[in-house]
Amino acid sequence: GHGFYGNETGLKLFLRKNFYKLANGQIVYERRSKNIMIQHGIDADKVHLIFNSLDYDLHKSFRPKINQLNKSLIFSFFKEPLIPTLLFIGRLTKVKKIKMLIEAGSELHKKKFKVNILIVGDGARADFLKNMAAKELPQGYFHFYGASYSEEDNAKLISMSDMCVSPGNVGLTAIHCLSYGTPVCTHNNHINQMPEVEAIEKGHNGIFFKENDLQDLISQLVLWFESKNNREEIRKNCFEVIDNYYNPYYQVEVVENILSGGKPKI
């Protein structure tokens, strides 16, 4: 489970802490949750880290094809397909704060820092966001792809993007994008994040900005792209954390270790 979020107080903290102590062991998704459990008196040897995973084998099977893709063809709907592309993929809901991505794109263009905005998905905020983008962004520099259920198409769109930007919580979107070698940008308030945010390491395979701070989001994006990171090196960094931890094979090892009476690996 998620264990502790870090914002529990009063009765909620009392109940959750004592409930967790009833178990012979806990399996949680992140180091942060484990550390909070330890702070509340739960034995470290009883808390195991399992992380999370998606369809690892399928995602990995697309990796050899990435270098064969033509970015100009994949992003032919953009006026300038070779400039940095900022991607959001997922449900278009208010909690994801996709509005901030459009605002950031608008401000970047005003600063003569051109980017493409690619939004893949559908949801309750779709019409609102489309209308906003049409007003805020220059034509030819944004595209709403719609819902995509083809993993082959998703692999192309994600891997050719330069950064996934999830201004609200990020969750499994981070694992999806890192699996295809695309770094992730999201906010730095872990209390309001999903556990998968721990897969992101600042400067290594992604960046963080201050929660709800548009100007900091813009600054962090500019710093990232102006640092001239080696795209292939970043891609390897993204794959590394998925291959080491966020896959079902690692999860099987954790469960087998628990069943054999072993202590936590991490």
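Refer to the structure above for everything that follows.
Residues numbered from 1 in each chain as written. Predicted model: local features only at pLDDT ≥ 70, side-chain atom pairs only at ≥ 80, totals over all residues. Heavy atoms only, no water.

Asker: Tell me about unusual backbone geometry, and please be specific about residues and values.
Answerer: Although it is not a glycine, Lys112 adopts a positive phi angle of roughly 65 degrees. Since its relative accessible area comes to 73%, Lys112 is described here as exposed. The backbone of Asn212 sits at a positive phi, close to 65 degrees, despite the residue not being glycine. Here Asn212 lies in the loop between β8 (206-209) and α9 (214-226). (Buried < 20%, exposed > 50% of the residue type's maximum accessible area, 1.4 Å probe, protein only. Helix = DSSP H or I, 4+ residues; strand = E, 2+ residues; numbered from the N terminus.)

Asker: A description of the pattern of salt bridges should follow, citing residues and the corresponding values.
Answerer: Per the counting criterion, the structure on display carries 11 salt bridges. Lys97 serves as the salt-bridge partner of Glu211, at 4.0 Å between the closest nitrogen and oxygen. Of this pair, Glu211 sits in the loop between β8 and α9 while Lys97 sits in the loop between β3 (85-89) and α5 (98-110), and the two are 114 residues apart along the sequence. (Salt bridge = Lys/Arg side-chain N within 4 Å of Asp/Glu carboxyl O.)

Asker: How would you summarise the nonpolar core if you had to cite specific residues and measurements?
Answerer: Judged by nonpolar contacts, the single largest core of 76 residues is most densely connected at Leu86, Met163 and Leu221. Filtering out sequence-adjacent residues up to four positions away, Met163 remains in contact with Thr85, Leu86, Leu87, Thr182, Pro183, Val184, Cys185, Ile207, Leu221, Trp224 and Phe225. (Core = buried A, V, L, I, M, F, W, Y, C linked by side-chain atoms within 4.5 Å. Contact = heavy atoms within 4.5 Å.)

Asker: Summarise the sheet that holds strand β5 (residues 142-146); cite the residues concerned and give the values.
Answerer: Within a sheet, each strand pairs with its neighbour through backbone hydrogen bonds, oriented either parallel or antiparallel. Pairing is parallel in the open sheet, where six strands are placed in the order β5-β4-β3-β6-β7-β8. For this open sheet the edge positions go to β5 and β8, each flanked by a neighbour on one side alone. Averaged over all neighbouring strand pairs, the angle between strand axes comes to 25 degrees, with direction disregarded. For strand β6 (residues 163-166) and strand β7 (residues 184-187), the ladder comprises three bridges, and the chain directions are parallel. Bridged to Cys164 within β7 is Val184. Packed on one face of the sheet, α9 meets β3, β6, β7 and β8 and runs near 155 degrees to β8. (Pairing = 2+ DSSP bridges. Axes fitted to C-alpha atoms, helices over the stretch in contact; angles between N-to-C directions.)

On their own, these measurements won't tell you what the molecule is for.
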